[in-house]
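Reading the structure
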There are 2 protein chains.
Amino acid sequence: MRNIIIGQSGGPTAVINASLYGVAMEAREQGVHAYGMVNGIEGFLEDRIVNLSDYSRMKDFDLLKTTPAAFLGSCRYRLPEDLDNAVYSIVFKKLEDLEIDAFFYIGGNDSMDTVDKLRRYGKQIGSDICFVGVPKTIDNDLAVTDHTPGYGSTAKFVAATVRDIVWDAGVYARPVVTIVELMGRNAGWVTAASMLARTSFEPNPMLIYLPEETFDVTDFIRDVKEALSENNSVVICVSEGIKDSTGRLICEYEEESMEDQFGHKMLAGCAAVLERFVKRSIGCKCRSIELNLPQRCTSIMISATDSDEAEAAGRFALKSAMMNKGLANGKVVIFKRAEGPKYHIEYEMVPVEEVSNKEKLFPEKWIINGNDISVDFLEYVRPLIQGENHIKYENGIPKIMKPAYNNNQSF
Amino acid sequence: MRNIIIGQSGGPTAVINASLYGVAMEAREQGVHAYGMVNGIEGFLEDRIVNLSDYSRMKDFDLLKTTPAAFLGSCRYRLPEDLDNAVYSIVFKKLEDLEIDAFFYIGGNDSMDTVDKLRRYGKQIGSDICFVGVPKTIDNDLAVTDHTPGYGSTAKFVAATVRDIVWDAGVYARPVVTIVELMGRNAGWVTAASMLARTSFEPNPMLIYLPEETFDVTDFIRDVKEALSENNSVVICVSEGIKDSTGRLICEYEEESMEDQFGHKMLAGCAAVLERFVKRSIGCKCRSIELNLPQRCTSIMISATDSDEAEAAGRFALKSAMMNKGLANGKVVIFKRAEGPKYHIEYEMVPVEEVSNKEKLFPEKWIINGNDISVDFLEYVRPLIQGENHIKYENGIPKIMKPAYNNNQSF
């Protein structure tokens, strides 16, 4: 193998750089030269590339594993559906100029679509460049795989943060409702992880609402009143993507109540919308909290299991391409959980089309009454949040690696 | 000394329990019996007390130092201005029944007001019970003291979290504005700490607005446009309490505001208001983020310096009362920073009336052009965020102590 190139795409996760580290270190150990695309395929089209092998020879390159966000920068660029589009021949010309034998793309659903299209175009022109996907997404919504790298760290962050919010919210001897809004788009995996905040002596979060179930505001208010009859402090976790029976997002309800002085509609989060419903219908103290970006970019709460698996996925992708370029082409790394009581993951390659443009939602069997999660889910999720990375500190905050791109300039 | 009693009051901090640990452990070491008030003076009036000495003899009592929120529960209860009110004789009767010689109250401005009133009433009736304040507030707005316990951990959390948000926001090669809203009420200390997120290679957060300076939306939009001409990604940190030249809160531009029992405005939402101004006036992608409760209750980002000082403040309060009850009465522990290059804190007692119902705002001399902070502030704040506590984990998240109160019931 001559050269490889690696890109990162889509929203960051806490361990997307651990996967990059995995591919780059495995390449170094196997004596393969590695390039990096800056801002994914979008930057590649503008010839923005870096020499990753230079980085992987640095003595503190392992700092990359605990560096948040995308070291190479990212993009949200969708390749055209029409393979006759000129962009494909441009990409392949550039890849050939760089003598690239394998192309690794670390990303979620949409990024797997990119891998699939490049593989199909390559096949059409008889190219033998190998295109491999390395999964990442905090949403855990990729098909086929047991879970995705990135999810474990987000679940760990959500569990710890919601637990701390629960204690904070419960210090006063007065009724109070706290609504925490969590990420995950159409899938409830991230929100379900808030269940990990419960203990034998603390029932909160008492109510958990996922987007997989129809959300009804009347039922919600009834649930909250009932919870308040048992507990002074009621903490509720909701997914950003909850919808009513007509398919309308709850966060879109805001349009009715919130227009600014210019008549512009304000799109706030669903938790803020529900806060107003609680204040209006119940009248007790209520606070809404959106955990927002820290869910996906924190450097202070990375799951060691997640980080190790993300790195292993990157290494496995490189090894598979080294072993058999033709066989690895158009494949994505997935995780298989071994049967039995001891948590163990095996890595496999499956065709990207089995994964791209699909969503794996939270299973119905683990949703109880539309407002709670089955304890069976704990068996699934608990292993994913185990272990802590050793974090190096500098000036009192986690030390990170300077990214490969320079955002101190407009491109 | 026969018995002492300790209470916690006001909003939690990451180290309010470290101060409780300090008083309780020092009491144990000095052979003094300690009670705890559940939900502060409010719960004490309802006879909700616990035997703290039982806790301090537990072998894992040091877990309390890394347990978030208030172990004894808290309250926002203001004693009547009129010392002839019957509540005072009730409090003192209860204290005498328990044979209390010293009363310790861990809290902020409003809690010091409670200490002051009890001291004054005690003087009036010739009581020799000693009332001592132990400071806490993430806002760092207490007068006289160099800084307050709780602020260092919040500053550390804000520095690390804003830094992670900066990297996340900057991964795309497109103009994007991210507005982060931080706590602190009328004081800019918490927001100013976001400056710690900057590095030699990353200018963000490029703009920082504190409530001490008049906020003008036109100037703000001009600042943002200018920043966007230098950088693709512009991260802005704003205090929840920013106001315009008429004294109107920016968050009130769109949202209704509420007041708590002390008549303090409940602040939320100025970042969301500014997000809409940016979208309307500049039209680029813009996201607002409220860091919210995790700023004050996180168990995952405690400053060891802050935690050690909080504990030391508790121990110093107990020792002072032991040494001379009369002299300690009506006093609060304050921090004095030693002159010279090496950071060192000395503890002193000052009369609570010098501290209660006052605010120490962020110094004008450290505010630059209304949208930035002087590097001189770094010398002040950096020592406060140094060091990490050893955190014990259980099931993948920080292990905490079960609180002394039970919120699984309505009081």
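Residues numbered from 1 in each chain as written. Chains lettered and ligands numbered in written order. Predicted model: local features only at pLDDT ≥ 70, side-chain atom pairs only at ≥ 80, totals over all residues. Heavy atoms only, no water.

1. So, the packing of helix α4 (residues 86–97) of chain A against helix α5 (residues 109–125) of chain A
Residue and element names in this part refer to chain A. Two elements in contact, α4 and α5, have axes whose closest approach is 11 Å; the angle formed by their N-to-C orientations is 80°. As summarised for this structure, α4 and α5 are arranged roughly perpendicular, according to the angle between their axes. On α5, the residues touching Tyr 88, Ser 89, Val 91 and Phe 92 of α4 are Lys 117, Leu 118, Tyr 121, Gly 122 and Ile 125. For the contact of α4 with α5, the class distribution of residues is six nonpolar, two polar and one charged. (Axes fitted to C-alpha atoms, helices over the stretch in contact; angles between N-to-C directions. Helix = DSSP H or I, 4+ residues; strand = E, 2+ residues; numbered from the N terminus. Parallel < 35°, antiparallel > 145°, perpendicular 65-115°, else oblique. Contact = heavy atoms within 4.5 Å. Nonpolar A, V, L, I, M, F, W, Y, C, P; charged D, E, K, R; others polar.)

2. Some words on the domain arrangement of chain A
All names here are of chain A. If you check the domain split of chain A, you get domain 1 (3–150 + 299–358 + 386–403) and domain 2 (152–297). Summed over both partners, the interface of domain 1 with domain 2 buries about 1500 Å², with 53% contributed by carbon and sulfur atoms. Interface area lost by domain 1 to domain 2 is led by Ile 138, Asp 139 and Met 301, which between them contribute 42%. Run the count over domain 1 and domain 2 and you get three salt bridges. Arg 185 is the partner of Asp 139 in a salt bridge, and the nearest nitrogen-oxygen pair spans 3.3 Å. At the junction of domain 1 and domain 2, the tally comes to 10 residue pairs in polar contact (both at pLDDT 80 or more). (Domains from an automatic or database assignment. Buried area = accessible area lost by both parts, 1.4 Å probe. Salt bridge = Lys/Arg side-chain N within 4 Å of Asp/Glu carboxyl O. Polar contact = N/O pair within 3.5 Å; in protein donor to acceptor, adjacent residues only side chain to side chain.)

3. Looking at the interface of chain A and chain B
When the parts of a complex come together, some accessible area is lost, and that lost area is often taken as the interface size. Contacts between the two partners involve 80 residues from chain A, matched on the other side by 81 residues from chain B. Here chain A meets chain B over a buried area of about 6700 Å², counting both sides, of which 54% is carbon and sulfur. At the surface where chain A touches chain B, the tally comes to four salt bridges. One salt bridge connects Asp 168 of chain B with Arg 296 of chain A, and the closest N-O pair in it is separated by 2.7 Å. Across the chain A-chain B interface, the total number found is 24 residue pairs in polar contact (both at pLDDT 80 or more). Counting residues per element, the ones that place at least two in the side of chain A that touches chain B are α6 (151–169), α8 (217–230), α10 (270–281), β9 (285–290), α11 (294–297) and β15 (397–398) of chain A. Ranked by the residues each element gives to the side of chain A that touches chain B, the list is headed by α6 of chain A, at 10 residues. A class-by-class count of the residues in the side of chain A that touches chain B yields 36 nonpolar, 24 polar and 20 charged.

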